[in-house]
Amino acid sequence: MGMTMTQKILAAHAGLAKVEAGQLIEADLDLVLGNDITSPVAIHEMEKMTVDTVFHKDKIALVMDHFIPNKDIKSAEHCKCVREFACKHEITNYFDVGEMGIEHALLPEKGLTVAGDVIIGADSHTCTYGALGAFSTGVGSTDMAAGMATGKAWFKVPSAIKFNLIGKPSKWVSGKDVILHIIGKIGVDGALYRSMEFTGDGVKNLTMDDRFTIANMAIEAGGKNGIFPVDELAEAYMKEHSQRPYKVYEADEDAVYDEEYTIDLSKLEPTVAFPHLPENTKTISQMTEDIVIDQAVIGSCTNGRIDDLRIAAGILKGRKVKKGVRCIVIPATQSVYLQAMEEGLLKIFIEAGAVVSTPTCGPCLGGYMGILAEGERCISTTNRNFVGRMGHVKSEVYLASPAVAAASAITGKISTPEEVG
Amino acid sequence: MKACGTVFKYGDNVDTDVIIPARYLNSSDPAELATHCMEDIDKEFVHRVKKGDIIVADKNFGCGSSREHAPIAIKAAGVSCVIAQTFARIFYRNAINIGLPIIECPEASMGIAADDEVEVDFDSGIIYNKTKGTQFQGQAFPEFMQKIIQAEGLVNYINNKNK
């Protein structure tokens, strides 16, 4: 019986020739990640431990991205706590205002995550790095603390679901539509405790940014991780961004999967997740009535990369955000921000009547920078639409691609790009 | 080890945003987090919860973010145990790591209603509904897990072992 791609990476990091689903292992970590919300709790836990050094100052990443630039005094205290810890332990990869970005866009861009790595992060969307062929998964602050202290974490080896992607997506279908379609199909606990392994001829038709988006939302199906095979495109990305050697693992021919799905990308349509769960999906063609919106958010660890901004700008160019709609564009990193500026995308957004913000997770989790009032609706390229996620408990979040969010900002109701003419 | 208390009952997919909304994540103080526990799903929870009470839910409890603040808020609110049909995996890990007892038991989840008085024996895994006189077999807590819970979390447990 063969191993899945995830199982092979875990086996190698546990010093074992073979592992199987359900087995408990202790694995060496290549990177331990935390942000300004989860790191203070981890630092507090680590201070209680009878260790006073971190396992490796280059293998910890601390990214201030949720409530920064600090939204209030308490957030400032949190960042101060992390800043002091980073200084004391000489953490190489500490990213503060001015050099930070949204963690899951930033780390691959900085070359800190590569194929074959085992990565834990005290943020649920840590699964994003599976796009590069790494095993990465979200944990809590205590696990982060133990990881920072020891460089190890225990895992239950997951079984897997295989998603065989075939075909080529049509013009307005992106990675976001692919993953929303999948979550709609299997549900928010459809992959609970398991790996989501994406494979098939269709993978080559997905950009790296599409793959980051898909892997990013594996957690929204309950998955432990999402992972892609490493092809030429992924290798080119890593060579461009990282000095680190990477290791390519492939699933065995006889690897065992709990379930297998074939998804024909050419048949997918722009898809929207209705409140209040990412599984409540409909294609826009299935929508029977107009959904009028008050706000459109384009950004986040899911969809704040350069491709996302190019797509949104392509639709907003020469058009205006509808009067009464707030359109908030958030480049995910400083580098994406700069590139968007150089390509003229920021000008397009501003001329269209959108606002452009410094990188932050802010609105995605209802932190700041776009909080919704009672009864308001937002179309958002973020990843969760739970009750109260972006503000008032009686507000609503509809999840969609950058193309749909941009088109909707123009029409004032949930729309496809074709509808803006 | 036993837990005993009155039940608060919830449905499927209780997410970490309703357990502790992100607008309160500018604090990591357990007592402060506890004052907002379950705020976006049950505004009465913090006013009614008593030390020892038990949360019972359906599928996928704790889905969403990795915020450890969620089990911390529940524990600091006085809850002695969470029983659900299934838990989201990060929440499961976090709960054990901070010493909040949680048990997966679909039968108990279906056989227990709001305001029932319930007793949980962690050694045997037996969940006893005192109100209805019914009993369910959950998974017993292995010794190391009971020790983590007694030590109020993984870090203290590791420190105790190293003493």
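Residue numbering note: each chain is counted from 1, following its sequence as written. Labels are handed out in written order, letters beginning with A for the chains and numbers beginning with 1 for the ligands. Owing to the predicted nature of the model, reporting of local features is limited to residues with pLDDT of at least 70; listing and counting of side-chain atom pairs is limited to 80 or more, with chain, interface and lining totals taken over all residues. As a rule here, side-chain values come from all non-hydrogen atoms in the structure, and water together with hydrogens is ignored.

Colleague: When you look at the state of the cysteines in this model, what are you seeing that I'm missing?
Modeller: In a disulfide, the sulfur atoms of two cysteines are covalently bonded to one another. Residues and elements named next belong to chain A. The term disulfide is used for any two cysteine sulfur atoms that are within 2.5 Å. All told, the structure shown has 0 disulfides over all chains when counted by the stated rule. Cysteine 79 provides the cysteine sulfur closest to cysteine 81, a residue in no disulfide bond, and the two sulfurs are 9.3 Å apart. Residue exposure (1.4 Å probe, protein chains only): buried if accessible area is under 20% of the type maximum, exposed if over 50%, otherwise partly exposed. Taking relative accessible area as the criterion, cysteine 81 reaches 26% and is therefore assigned partly exposed. The thiol sulfur of cysteine 361 is not disulfide-bonded, and the nearest other cysteine sulfur, from cysteine 301, lies at 6.6 Å.

Colleague: Which parts of the structure should I look at to understand the packing of helix 6 (residues 175–186) of chain A against helix 7 (residues 208–216) of chain A?
Modeller: In a pair of packed helices, the angle between the axes and the distance between the axes together describe the arrangement. Residues and elements named next belong to chain A. Only the contacting stretch of a helix is used when fitting its axis, a line to C-alpha atoms as for every element, and angles between N-to-C directions run 0 to 180 degrees. Helix and strand definitions here come from DSSP, where helices need a minimum of 4 consecutive H or I residues and strands a minimum of 2 consecutive E residues; each element is numbered from the N-terminal end. Running from N to C, helix 6 and helix 7 cross one another at 25 degrees; their axes reach a closest spacing of 8 Å. By the criterion of interaxial angle, the relationship of helix 6 to helix 7 is roughly parallel. At the point where helix 6 passes helix 7, the crossing takes the right-handed sense. Contacts between helix 6 and helix 7 involve Gly175, Lys176, Val178 and Ile179 on the former and, on the latter, Asp210, Thr213 and Ile214. As a working rule, the residues Ala, Val, Leu, Ile, Met, Phe, Trp, Tyr, Cys and Pro are called nonpolar, Asp, Glu, Lys and Arg charged, and the rest polar, with Gly in that last group. Of the residues in the contact of helix 6 with helix 7, the class split is 3 nonpolar, 2 polar and 2 charged. Roughly parallel refers to an angle under 35 degrees, roughly antiparallel to one over 145, roughly perpendicular to one between 65 and 115, and oblique to any angle outside these ranges. In this scheme the crossing of two helices becomes right-handed for a clockwise turn of the near helix relative to the far one and left-handed for an anticlockwise turn of less than a right angle. Whether two residues are in contact is decided by their heavy atoms: any pair within 4.5 Å suffices.

Colleague: How should I be thinking about the sheet that holds strand 4 (residues 93–95) of chain A in this particular structure?
Modeller: What holds strands together in a sheet is hydrogen bonding between their backbones, with the strands either parallel or antiparallel. All names here are of chain A. Pairing in this open sheet of 5 strands is parallel, and the strands run 4-3-2-5-6 from one edge to the other. With partners counted over all chains shown, the strands left at the sheet margins are strand 4 and strand 6 (135–138), one partner each. The sheet shows a mean angle of 15 degrees between the axes of neighbouring strands, direction not considered. Strands are treated as partners if at least two bridges between them are detected by DSSP. Sheet analysis places strand 2 (residues 31–35) next to strand 3 (residues 60–63), joined by 4 bridges and oriented parallel. Its bridge partner being in strand 3, glycine 34 is matched across the sheet by leucine 62. The strands touched by helix 5 (residues 141–150) are strand 2, strand 3 and strand 5 (118–121); relative to strand 2, the strand with the most contacts, the crossing angle is about 135 degrees.

Colleague: Honestly, the packing of aromatic side chains in this entry has me stumped. Any pointers?
Modeller: How two aromatic rings sit relative to each other is set out by the distance from centre to centre and by the angle between their planes. Pairing of aromatic rings covers Phe, Tyr and Trp, the last counted by its six-membered ring, and requires centre-to-centre distances within 6.5 Å; plane angles under 30 degrees mean stacked, over 60 mean edge-to-face, and any other angle means tilted. Here the structure, examined in full by the defined rule, presents 12 aromatic pairs over all chains. Ring plane angle 65 degrees and centroid distance 6.0 Å describe the contact between Phe87(B) and Tyr92(B), whose orientation is recorded as edge-to-face. Through successive ring pairs, a cluster of aromatic residues spans Phe163(A), Phe198(A), Phe228(A) and Tyr261(A). Our definition puts a charge over a ring when NZ of Lys or CZ of Arg is within 6 Å of the ring centre and also within 35 degrees of the ring normal. Over the aromatic face of Phe274(A) sits the side chain of Lys282(A), whose NZ or CZ is 4.6 Å from the ring centroid. Over the face of the ring belonging to Trp154(A) we find Arg93(B), whose NZ or CZ atom lies 4.0 Å from the ring centre.

Colleague: Sorry, what's going on with the pattern of salt bridges here?
Modeller: Note on pairing: side chains with opposite charge can pair once their charged atoms come close. Residues and elements named next belong to chain B. Think of a salt bridge as a Lys or Arg side-chain nitrogen and an Asp or Glu carboxyl oxygen that are within 4 Å of each other. Applying the stated criterion across every chain, the model contains 32 salt bridges over all chains. The residue aspartate 115 makes a salt bridge to arginine 48 at a minimum N-O spacing of 2.8 Å. Highlighted residues: aspartate 115 in the loop between helix 6 (106–111) and strand 5 (117–121) and arginine 48 in helix 3 (residues 45–48), separated in sequence by 67 residues. For aspartate 115, a relative accessible area of 44% gives the class partly exposed. Take arginine 48: its relative accessible area is 42%, and that puts it in the partly exposed class. Among the ionic pairs, lysine 147 bridges to glutamate 143, the shortest N-O distance being 3.3 Å. Here glutamate 143 and lysine 147 lie together in helix 7 (residues 143–150), a separation of 4 residues that amounts to about one turn. Classification of glutamate 143 by relative accessible area gives exposed; the value is 57%.

Colleague: Is there a simple way to explain the domain arrangement of chain A in this structure?
Modeller: Quoted interface sizes are often the accessible area lost when the parts come together. Residue and element names in this part refer to chain A. The split into domains, and so the bounds of each, comes from an automatic or database assignment of domains. When its domains are assigned, chain A resolves into domain 1 (5–264) and domain 2 (271–420). Using C-alpha coordinates to define each centre, domain 1 is positioned 24 Å away from domain 2. At the junction of the two partners, domain 1 supplies 37 residues and domain 2 supplies 41 residues. The term buried area means the drop in 1.4 Å probe accessible area that two parts suffer when joined, counted for both and summed. The contact between domain 1 and domain 2 buries some 3000 Å² in all, and 61% of this surface belongs to carbon and sulfur atoms. Contact with domain 2 buries surface across domain 1, with Ile102, Trp172 and Lys176 losing the most and accounting together for 22% of the total. Where domain 1 meets domain 2, there are 1 salt bridge. For arginine 384, the salt bridge is made with glutamate 220, and the minimal N-O distance between the two is 3.0 Å. Between N or O atoms, a polar contact is any pair within 3.5 Å; within protein, one atom must be a potential hydrogen donor and the other a potential acceptor, and residues adjacent in sequence are included only when both atoms are from side chains. Summed over the shared surface of domain 1 and domain 2, the result is 24 residue pairs in polar contact (both at pLDDT 80 or more). Taken together, the elements giving at least two residues each to the side of domain 1 that touches domain 2 come down to helix 4 (103–109), helix 6 and helix 7. The element best represented in the side of domain 1 that touches domain 2 is helix 6, accounting for 6 residues. Here the residues of the side of domain 1 that touches domain 2 sort into 15 nonpolar, 14 polar and 8 charged.

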